[in-house]
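Coordinate analysis (summary)
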Amino acid sequence: MRNLFFFFLLIIQFSLFTGCAPRYEIRGDSPRLDANMSRFLDKWRIDTINPVQNGTYKNVIVNGDLSRKTIALTFDDAPDENNTYKLLDILKSHHVKAAFFMIGGTMKDGNVTVVRRAYEEGHLVLNHTFNHPRLSDLNQSAITYQLSRSAERIEKITGRYPLLIRPPYGSINPLVVDTINAQGMTTVLWSLDSLDWTLKNPDDVVENILSNIRNGDIILMHRNPTSVGALPKVIEQLTARGYTFLPLEEFLGMRAYR
C-alpha cells in the first residue's frame, strides 16, 4: 500500500511538472489557406521555433504560463485613424486590456491621438520598429536604428520607453535577437496566429482561434477590418470558455517599459 501511494504521488508530480514545462509552438490554421501558404507557414514556424527551443535564441518569448487559463491579446501594425479606434472601442466595451505593437513612423498627425488614447486607456504601446522592415535583412546599425527610433517616438508621446519588441513578420535571426538583447529589450512573438492578415472573413478568424486556443497563448492579431469584425466574438466566446485576458506585462511577469 505504501509503495502504491508513492507511485501515485510520483505520477501527480510528473503531471504537474510536464504541464508547466515550456512548450514552444506557433499554431493557427484554416481550410481557407492554400497548400503553398500552409507549407510556407509550417517552414517558417519550424525555422523560428527550433532555435528558441534549442537555446540558440535568448530572451525570445513565445507564450505565457501553460498551467493557467490566461491569454494575452496583441495587435500589430497600429496606429491608424480607423481600425485602431474601432479595436479600442471593442476592448473598452468588453473591459479587456491588450498590447499594441506600433510602428513608430506612422505615429504622426492624427495618429498621435490614437496612440495616446491606447496608452491612457491602459493598453500597452510597444515597439514594432520605425517603418516595418524585415529585420533579418538588415545589418546591426540599421536594426538598432529601427528599435531606438521607434522606442523614442513612443516615449515622446506616452512618456514611457518600451522594452518589449515584436519584429515585423516575426522575422528573426541570431543578429536580430542579439541586437535586441543588447538594447535591453525582449523579443515577443506569439503562440497563436489568428491569420487575420490573410483570411478576409472574420468568422474564419474566430474559428481558427477557438479551434486552436490553449492556456498561456499570446494571440497575434492586426489592426485591420478582419480583426475588427472578429474581436467581439473572440472575446465573448473565450470568456465563456473560462479564459481570462491579462495585460501582457502581467501575463509575462516582466516590465513593459524602462
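Conventions adopted
Think of each chain on its own: its residues are numbered from 1, step by step along the sequence as written. A pLDDT threshold of at least 70 governs which residues receive local features in this predicted model, and a stricter bar of 80 or more applies before side-chain atom pairs are shown or counted, although totals over entire chains, interfaces and linings include all residues. Hydrogens and waters are ignored; side-chain quantities use all the structure's heavy atoms. Centres within 6.5 Å make a pair out of two Phe, Tyr or Trp rings, where for Trp the six-membered ring is used; the pair is then stacked when the planes are under 30 degrees apart, edge-to-face when over 60, and tilted otherwise. Counting from the N terminus, the helices are DSSP H or I runs at least four residues long and the strands are E runs at least two residues long. Each residue's exposure class comes from its accessible area (1.4 Å probe, protein chains only) as a fraction of the maximum for that residue type: buried when under 20%, exposed when over 50%, partly exposed otherwise. For two strands to pair, DSSP has to find at least two bridges joining them. Here is how to tell: hold the view so the strands point away, follow the path from the first strand over the helix to the second, and if it runs clockwise the crossover is right-handed. To define axes, lines are fitted to C-alpha atoms, for helices over the stretch in contact only, and angles between the resulting N-to-C directions are given on a 0 to 180 degree scale. Convention used here: angles under 35 degrees read as roughly parallel, angles over 145 as roughly antiparallel, angles from 65 to 115 as roughly perpendicular, and any remaining angle as oblique. Helix crossings get a hand from a simple test, with the near helix turned counterclockwise from the far one by less than a right angle marking a left-handed crossing and a clockwise turn marking a right-handed one. Note on contacts: a residue pair qualifies if any of its non-hydrogen atoms lie within 4.5 Å across the two residues. Polar contacts here mean pairs of N or O atoms no more than 3.5 Å apart (in protein, one a potential hydrogen donor and the other a potential acceptor; neighbouring residues in sequence count only if both atoms are side-chain atoms). When residues are grouped by polarity, Ala, Val, Leu, Ile, Met, Phe, Trp, Tyr, Cys and Pro land in nonpolar, Asp, Glu, Lys and Arg in charged, and all others, Gly among them, in polar. The rule for a salt bridge is simple: a side-chain nitrogen of Lys or Arg has to be within 4 Å of a carboxyl oxygen of Asp or Glu.

**A short note on the packing of aromatic side chains**
Under the definition given, this model contains four aromatic pairs. Summarising the aromatic geometry, the rings of Phe75 and Phe100 are spaced 5.2 Å apart at their centres and angled 20° between planes, so their arrangement reads as stacked. Here the residue Phe75 occupies a position in strand S2 (residues 70–78), and Phe100 occupies one in strand S3 (residues 99–102), the gap between them amounting to 25 residues. Here Phe100 falls in the buried class, since its relative accessible area comes to 0%. Taken together, a centroid distance of 6.3 Å and an interplanar angle of 70° make the contact between Phe130 and Tyr145 edge-to-face. Of this pair, Phe130 sits in the loop between strand S4 (124–127) and helix H5 (140–158) while Tyr145 sits in helix H5, and the two are 15 residues apart along the sequence. On the basis of relative accessible area, Phe130 is assigned to the buried category, the value being 11%. With relative accessibility at 40%, the residue Tyr145 sits in the partly exposed group.

**Thoughts on the pairing of S4**
For S3 and S4, the ladder comprises four bridges, and the chain directions are parallel. From the neighbouring strand, Ala99 faces S4, where its bridge partner is Leu124. As for the winding sense of the linkage, the β-α-β connection from S3 through helix H4 (residues 111–120) to S4 is right-handed.

**Let's talk about the packing of H5 against helix H6 (residues 174–182)**
For any two helices packed against each other, the geometry is given by the interaxial angle and the distance between the axes. In contact at an axis separation of 10 Å, H5 and H6 are set at 50° when each is read in the N-to-C sense. For the element pair H5 / H6, the angle class is oblique. H5 and H6 meet at a crossing whose hand is right-handed. Residues Gln140, Ile143, Thr144 and Leu147 of H5 form the contact with H6, whose own contacting residues are Leu175, Val176, Thr179 and Ile180.

**What to know about the side chain of Asn212**
Here Asn212 lies in helix H7 (residues 202–212). Residue classification places Asn212 among the buried positions, given a relative accessible area of 15%. Not counting chain neighbours up to four residues away, the residues in contact with Asn212 comprise Arg27, Gly28, Asp29, Leu192 and Asp217.

**Re the pairing of S3**
Here S3 shows a buried face lined by Ala99 and Phe101 and a second buried face lined by Phe100 and Met102. Judged from the four bridges that link them, S2 and S3 form a sheet pairing that is parallel. Bridge pairing in S3 places Phe75 opposite Phe100. Handedness of the S2-helix H3 (residues 83–94)-S3 crossover: right-handed.

**Considerations on the environment of Thr74**
Along the chain, the position of Thr74 falls in strand S2. Overall, the relative accessible area of 0% leaves Thr74 in the buried class. Spatially, the C-alpha atom of Thr74 lies 8.5 Å from that of Trp190, the residues being 116 residues apart in sequence. Excluding anything up to four places from it in sequence, Thr74 contacts Ala99, Phe101, Arg166, Ile218, Ile219, Leu220, Met221 and Leu248. There is a polar contact of 2.7 Å between the side chain of Thr74 and the backbone oxygen of Ile219.

**Some words on the packing of H7 against helix H8 (residues 225–240)**
As a packed pair, H7 and H8 sit with axes 8 Å apart at the nearest point and diverge in direction by 40°. Judged by the twist between their axes, the crossing of H7 over H8 is right-handed. Counted together, Pro202, Asp203, Val205, Val206, Ile209 and Leu210 of H7 and Thr226, Gly229, Ala230, Lys233, Val234, Gln237 and Leu238 of H8 form the full contact between these two elements. Of the residues assigned to the contact of H7 with H8, the class counts are eight nonpolar, three polar and two charged.

**Brief notes about the pattern of salt bridges**
All chains considered together, the criterion is met by eleven salt bridges. Between Glu25 and Arg27 there is a salt bridge, with its nearest N and O atoms 3.9 Å apart. Judged by its relative accessible area of 33%, Glu25 falls in the partly exposed class. With a closest N to O distance of 3.3 Å, Arg32 and Asp204 form a salt bridge. Of this pair, Arg32 sits in the loop between helix H1 (2–20) and helix H2 (35–53) while Asp204 sits in helix H7, and the two are 172 residues apart along the sequence. In this structure Asp204 comes out as buried when scored by relative accessible area, which is 16%. Put simply, Glu25, Arg27, Arg214 and Asp217 are held in one network by salt bridges that share partners.

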